[in-house]
Amino acid sequence: MKKSGDKLFWISYSDLMTSLFFVMLVLFAVVTARYLKANSEDLVSKVEKLEAENRRLKDEKGKLEGELSDALATLEQQKRIIDIDKQFKPLKESESFVYDEKANKYVAKDFIGVEIFDPNKSAILSDYLPKTEAIGKEVESMLKKLHRDNPDLGYVLVIEGNAANSWDKKYNKDDNYGYTLSYGRALAVYKHWLRKGIDLRKYNTEILIAGSGFNGLYRDKVEDNNKRFTIQIIPKIRPASK
């Protein structure tokens, strides 16, 4: 009987230990599953953050590359404009013009110290029509060469008319009369060039007709000698294409 009881005890003990082992196994599985789930969610979150940061860095890289490309394009254009400025040298050294560095303007030598317009009128005096035409042809020749050498660049030609105030300065410097008269003189020069077949717009050149009235740089000290016009030629930088 005793041996039979011992046998039952060990069988019961074995069943108990098996049950405890099973419970421990279940608990281990549950804890492991929760641990893996928590770490998996954390890992997914980190991956998503890394992917978002990677996209941001790619966008920043794209923007920086675009800005660098624009900067290089602008720098290249500026270098070309410096080279173009050298091509203005023949005009600066021309026997027909005087170039003022401060005002960045060209003044016809033959028009310095003389009145080339009728007093109080915009018409060019007949004696100066041939020289005005010759100046237009010289400018045309230079713009034609610039356009041939730099077909993708543009230029601005400013024809600026000037007006002389009376000896007693009876007009205010900003009087409308001065601006109207000086603009009319610049327009008269441009129209005379057109009549002579000088069309400067053909060379990718924008023509600006302006009147500085009784103001402007490089004015003659003798007021009557300010009845004239000046020109400026400015290369244009085009914005870099996106």
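Residues numbered from 1 in each chain as written. Predicted model: local features only at pLDDT ≥ 70, side-chain atom pairs only at ≥ 80, totals over all residues. Heavy atoms only, no water.

### Remarks on the overall build of the protein chain
Okay, so step 1: Regarding its fold elements, the protein chain presents four helices and five strands.
Okay, so step 2: Going residue by residue from the N terminus, the α and β elements of the protein chain occur as α-α-β-β-α-β-α-β-β.
Okay, so step 3: Residue burial in the protein chain is summarised as follows: out of 242 residues, 31% are buried.
Okay, so step 4: Partitioning the contacts of the protein chain with sequence separation of at least 6, the portion at a separation of at least 24 is 78%.
Okay, so step 5: Of the roughly 16,000 Å² that the protein chain leaves accessible, carbon and sulfur atoms contribute 58%. (Helix = DSSP H or I, 4+ residues; strand = E, 2+ residues; numbered from the N terminus. Buried < 20%, exposed > 50% of the residue type's maximum accessible area, 1.4 Å probe, protein only. Contact = heavy atoms within 4.5 Å. Areas by Shrake-Rupley, 256 points an atom, 1.4 Å probe, with all protein chains shown as cover.)

### Points about the side chain of Asn162
Okay, so step 1: With respect to the helices, strands and loops of the structure, Asn162 is situated in the loop between β3 (154-161) and α4 (176-195).
Okay, so step 2: A polar contact of 3.2 Å, which involves the side chain of Asn162, links it to the side chain of Glu160.
Okay, so step 3: Setting aside residues no more than four positions away along its own chain, Asn162 makes contact with Ser182, Arg185, Ser212, Gly213, Asn226, Lys227, Arg228, Phe229 and Thr230. (Polar contact = N/O pair within 3.5 Å; in protein donor to acceptor, adjacent residues only side chain to side chain.)

### What to know about the packing of helix α3 (residues 129-149) against α4
Okay, so step 1: Interaxial distance between α3 and α4 falls to 10 Å at its minimum, and their mutual angle equals 75°. By the angle between their directions, the pair α3 and α4 is classed as roughly perpendicular. Each of Leu129, Thr132, Glu133, Ile135 and Gly136 in α3 lies in contact with α4, whose residues at this interface are Val189, His192 and Trp193.
Okay, so step 2: A class-by-class count of the residues in the contact of α3 with α4 yields four nonpolar, three polar and one charged. (Axes fitted to C-alpha atoms, helices over the stretch in contact; angles between N-to-C directions. Parallel < 35°, antiparallel > 145°, perpendicular 65-115°, else oblique. Nonpolar A, V, L, I, M, F, W, Y, C, P; charged D, E, K, R; others polar.)

### Side note on the pattern of salt bridges
Any two side chains of opposite charge can pair, so long as their charged atoms come close to each other.
Okay, so step 1: Inspection of every chain in the model, using the stated rule, returns three salt bridges.
Okay, so step 2: The residue Glu133 makes a salt bridge to Lys137 at a minimum N-O spacing of 3.1 Å. Here Glu133 and its partner Lys137 are both found in helix α3, four residues apart, which amounts to about one turn of the helix.
Okay, so step 3: Owing to a relative accessible area of 18%, Glu133 belongs among the buried residues under this scheme.
Okay, so step 4: A residue is classified by how much of its surface remains accessible, and Lys137, at 42% relative accessible area, is partly exposed.
Okay, so step 5: A salt bridge links Asp149 to Arg148; the shortest N-O distance between them is 4.0 Å.
Okay, so step 6: What makes Asp149 partly exposed here is its relative accessible area of 36%.
Okay, so step 7: What makes Arg148 exposed here is its relative accessible area of 54%. (Salt bridge = Lys/Arg side-chain N within 4 Å of Asp/Glu carboxyl O.)

### Here we look at α4
Okay, so step 1: Its 20 residues place the ends of α4 28 Å apart at the C-alpha level, agreeing with the 28 Å of an ideal helix rising 1.5 Å per residue.
Okay, so step 2: Here α4 has its buried residues at Gly178, Leu181, Ser182, Gly184, Arg185, Ala186, Ala188, Val189, Tyr190, His192 and Trp193.
Okay, so step 3: Buried residues along α4 sit in contact with α3, β3, β4 (205-211) and β5 (229-236).
Okay, so step 4: Measuring from the backbone nitrogen of Tyr177 back to the side-chain oxygen at the start of α4 gives 2.8 Å, which picks out Asp175 as the cap.
Okay, so step 5: Directly beyond the C-terminal end of α4, a positive phi value near 80° is found at Gly197. (Expected span 1.5 Å × (residues − 1).)

### Thoughts on the confidence of the model for the protein chain
Okay, so step 1: Per-residue pLDDT for the protein chain has a mean of 77; in total, 73% of the residues score no lower than 70.
Okay, so step 2: Considering each helix and strand of the protein chain separately, the mean pLDDT is smallest for helix α2 (residues 89-92), with a value of 66, and largest for α4, with 92. (pLDDT = per-residue confidence, 0-100.)

### A word on α3
Okay, so step 1: Helix length check: α3 (21 residues) gives 31 Å between terminal C-alpha atoms against 30 Å at 1.5 Å per residue, within 8%.
Okay, so step 2: For α3, the complete set of buried residues consists of Thr132, Glu133, Ile135, Gly136, Val139, Glu140, Met142, Leu143 and Leu146.

### A few points about a nonpolar patch on the surface
Okay, so step 1: A grouping of Phe21, Phe22, Val23, Met24, Leu25, Val26, Leu27, Phe28 and Val30 is seen on the molecular surface, where their side chains present a nonpolar patch of about 920 Å² in accessible area.
Okay, so step 2: Turning to its location among the elements, Val23 is positioned in helix α1 (residues 2-87).
Okay, so step 3: Val23 sits in the partly exposed class, given a relative accessible area of 43%. (Patch = residues over 30% accessible without salt bridge, like charges linked within 9 Å, V, L, I, M, F, W, Y side chains within 5 Å.)

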